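Each chain is listed here by its residues.
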Amino acid sequence: FLPTVLSRCEIIKVPSVQETRNKFIQEIDELMKKDVTERFIFVEKLEDKEGFLEELAQYFKIKLEEKPSVEYVEFLKVIMTTQKWTKNNVSIRPILEYLMLKLPLK
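Residues numbered from 1 in each chain as written. Predicted model: local features only at pLDDT ≥ 70, side-chain atom pairs only at ≥ 80, totals over all residues. Heavy atoms only, no water.

Colleague: It is not clear to me how the pattern of salt bridges should be interpreted in this structure. Could you clarify?
Modeller: Pairing is possible between side chains of opposite charge, provided their charged atoms come close. The full count for this structure, using the stated rule, is five salt bridges. A salt bridge links Glu30 to Lys33, with the nearest nitrogen and oxygen atoms 3.8 Å apart. Arg93 serves as the salt-bridge partner of Glu44, at 3.9 Å between the closest nitrogen and oxygen. Of this pair, Glu44 sits in helix H3 (residues 36-45) while Arg93 sits in helix H6 (residues 92-102), and the two are 49 residues apart along the sequence. For Glu44, a relative accessible area of 49% translates into the label partly exposed. Overall, the relative accessible area of 35% leaves Arg93 in the partly exposed class. The network of salt bridges with common partners includes Glu44, Arg93 and Glu97. (Salt bridge = Lys/Arg side-chain N within 4 Å of Asp/Glu carboxyl O. Helix = DSSP H or I, 4+ residues; strand = E, 2+ residues; numbered from the N terminus. Buried < 20%, exposed > 50% of the residue type's maximum accessible area, 1.4 Å probe, protein only.)

Written as C-alpha coordinates, this is what we have:
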(Lines give C-alpha, C1' and ligand atoms only; values in the text may rest on other atoms or scores of the structure.)
Protein backbone atom coordinates (compact mmCIF):
# COMPACT_ATOMS: atom_id res chain seq x y z
CA PHE A 1 0.00 0.00 0.00
CA LEU A 2 1.05 3.55 -0.52
CA PRO A 3 2.24 5.35 2.62
CA THR A 4 -0.55 7.91 2.23
CA VAL A 5 -3.16 5.13 2.32
CA LEU A 6 -1.54 3.42 5.29
CA SER A 7 -1.33 6.67 7.23
CA ARG A 8 -5.11 6.97 7.04
CA CYS A 9 -5.81 3.41 8.17
CA GLU A 10 -6.96 2.49 11.64
CA ILE A 11 -6.32 -0.83 13.36
CA ILE A 12 -9.44 -2.32 14.87
CA LYS A 13 -9.14 -5.35 17.13
CA VAL A 14 -12.11 -7.67 16.97
CA PRO A 15 -12.54 -10.15 19.82
CA SER A 16 -12.29 -13.77 18.79
CA VAL A 17 -15.31 -16.03 18.81
CA GLN A 18 -13.81 -17.94 21.74
CA GLU A 19 -13.35 -14.74 23.79
CA THR A 20 -16.98 -13.80 23.12
CA ARG A 21 -18.17 -17.31 23.98
CA ASN A 22 -16.19 -17.34 27.25
CA LYS A 23 -17.68 -13.97 28.17
CA PHE A 24 -21.22 -15.25 27.55
CA ILE A 25 -20.56 -18.43 29.54
CA GLN A 26 -19.47 -16.41 32.55
CA GLU A 27 -22.46 -14.09 32.17
CA ILE A 28 -24.92 -17.01 31.96
CA ASP A 29 -23.40 -18.62 35.05
CA GLU A 30 -23.84 -15.32 36.91
CA LEU A 31 -27.36 -14.76 35.57
CA MET A 32 -28.53 -18.09 36.93
CA LYS A 33 -27.65 -16.82 40.42
CA LYS A 34 -29.48 -13.49 40.07
CA ASP A 35 -33.09 -12.52 40.60
CA VAL A 36 -35.44 -11.56 37.78
CA THR A 37 -34.92 -7.81 38.16
CA GLU A 38 -31.15 -8.15 37.74
CA ARG A 39 -31.68 -10.42 34.75
CA PHE A 40 -33.91 -7.83 33.08
CA ILE A 41 -31.32 -5.13 33.69
CA PHE A 42 -28.72 -7.38 32.06
CA VAL A 43 -30.92 -7.84 28.96
CA GLU A 44 -31.55 -4.10 28.76
CA LYS A 45 -27.81 -3.35 28.71
CA LEU A 46 -26.85 -6.26 26.45
CA GLU A 47 -25.35 -5.13 23.14
CA ASP A 48 -25.33 -8.40 21.15
CA LYS A 49 -28.78 -9.78 21.94
CA GLU A 50 -28.93 -12.18 18.97
CA GLY A 51 -25.49 -13.56 19.76
CA PHE A 52 -26.46 -14.01 23.39
CA LEU A 53 -29.54 -16.03 22.38
CA GLU A 54 -27.37 -18.36 20.30
CA GLU A 55 -24.83 -18.73 23.10
CA LEU A 56 -27.60 -19.40 25.61
CA ALA A 57 -28.76 -22.33 23.46
CA GLN A 58 -25.20 -23.65 23.11
CA TYR A 59 -24.56 -23.26 26.85
CA PHE A 60 -27.55 -25.40 27.80
CA LYS A 61 -26.80 -28.02 25.16
CA ILE A 62 -23.33 -28.41 26.69
CA LYS A 63 -24.74 -28.44 30.24
CA LEU A 64 -27.25 -31.09 29.23
CA GLU A 65 -24.45 -33.30 27.90
CA GLU A 66 -22.45 -32.81 31.11
CA LYS A 67 -25.33 -33.35 33.51
CA PRO A 68 -28.65 -34.60 32.13
CA SER A 69 -31.51 -32.69 33.73
CA VAL A 70 -35.21 -32.40 33.03
CA GLU A 71 -34.96 -28.71 33.86
CA TYR A 72 -32.31 -28.18 31.17
CA VAL A 73 -34.33 -30.15 28.60
CA GLU A 74 -37.41 -28.03 29.28
CA PHE A 75 -35.43 -24.81 29.06
CA LEU A 76 -33.87 -25.88 25.75
CA LYS A 77 -37.36 -26.49 24.40
CA VAL A 78 -38.27 -22.94 25.39
CA ILE A 79 -35.11 -21.60 23.72
CA MET A 80 -35.90 -23.46 20.50
CA THR A 81 -39.40 -22.02 20.52
CA THR A 82 -38.05 -18.50 20.98
CA GLN A 83 -35.58 -19.01 18.15
CA LYS A 84 -38.57 -19.68 15.90
CA TRP A 85 -40.10 -16.43 17.12
CA THR A 86 -37.01 -14.49 16.03
CA LYS A 87 -37.44 -15.90 12.53
CA ASN A 88 -41.00 -14.53 12.58
CA ASN A 89 -39.68 -11.02 13.32
CA VAL A 90 -40.53 -10.93 17.02
CA SER A 91 -38.35 -8.36 18.77
CA ILE A 92 -35.34 -9.94 20.47
CA ARG A 93 -35.54 -7.99 23.74
CA PRO A 94 -38.95 -9.35 24.87
CA ILE A 95 -37.77 -12.81 23.87
CA LEU A 96 -34.72 -12.53 26.10
CA GLU A 97 -36.82 -11.10 28.93
CA TYR A 98 -39.15 -14.09 28.62
CA LEU A 99 -36.15 -16.41 28.76
CA MET A 100 -34.90 -14.61 31.88
CA LEU A 101 -38.21 -15.53 33.53
CA LYS A 102 -37.78 -19.17 32.54
CA LEU A 103 -34.01 -19.42 33.18
CA PRO A 104 -33.20 -22.20 35.66
CA LEU A 105 -31.73 -21.20 38.99
CA LYS A 106 -28.30 -22.36 40.04
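Colleague: Even after reading the chapter, I still don't get the packing of aromatic side chains, so can you show me in this structure?
Modeller: Ring pairs (aromatic) are described by centroid distance and by the angle formed between their planes. Inspection of every chain in the model, using the stated rule, returns six aromatic pairs. Between Tyr59 and Phe60 the ring centres are 5.0 Å apart and the planes differ by 75°, which places this aromatic pair in the edge-to-face class. We note that Tyr59, like Phe60, is buried. Members of the aromatic cluster, each reached through a chain of ring pairs, are Tyr59, Phe60, Tyr72 and Phe75. (Phe/Tyr/Trp six-rings, centres within 6.5 Å; stacked < 30°, edge-to-face > 60°.)

Colleague: Got a minute to help me understand the nonpolar core in this structure?
Modeller: Grouped burial of nonpolar side chains is what soluble globular proteins tend to show. The biggest cluster of nonpolar side chains holds 24 residues, and the ones touching the most others in it are Phe52, Leu56, Phe60, Ile79, Leu96, Leu99 and Leu103. Taken together, the elements giving at least two residues each to this core come down to helix H2 (17-31), H3, helix H4 (49-66), helix H5 (70-87) and H6. With six residues, the single largest contributor to this core is H4. What Leu103 contacts, discounting residues up to four positions off in sequence, is Leu31, Met32, Arg39, Leu56, Phe60 and Phe75. (Core = buried A, V, L, I, M, F, W, Y, C linked by side-chain atoms within 4.5 Å. Contact = heavy atoms within 4.5 Å.)

Scope: geometric values only; no functional claims are made or implied.
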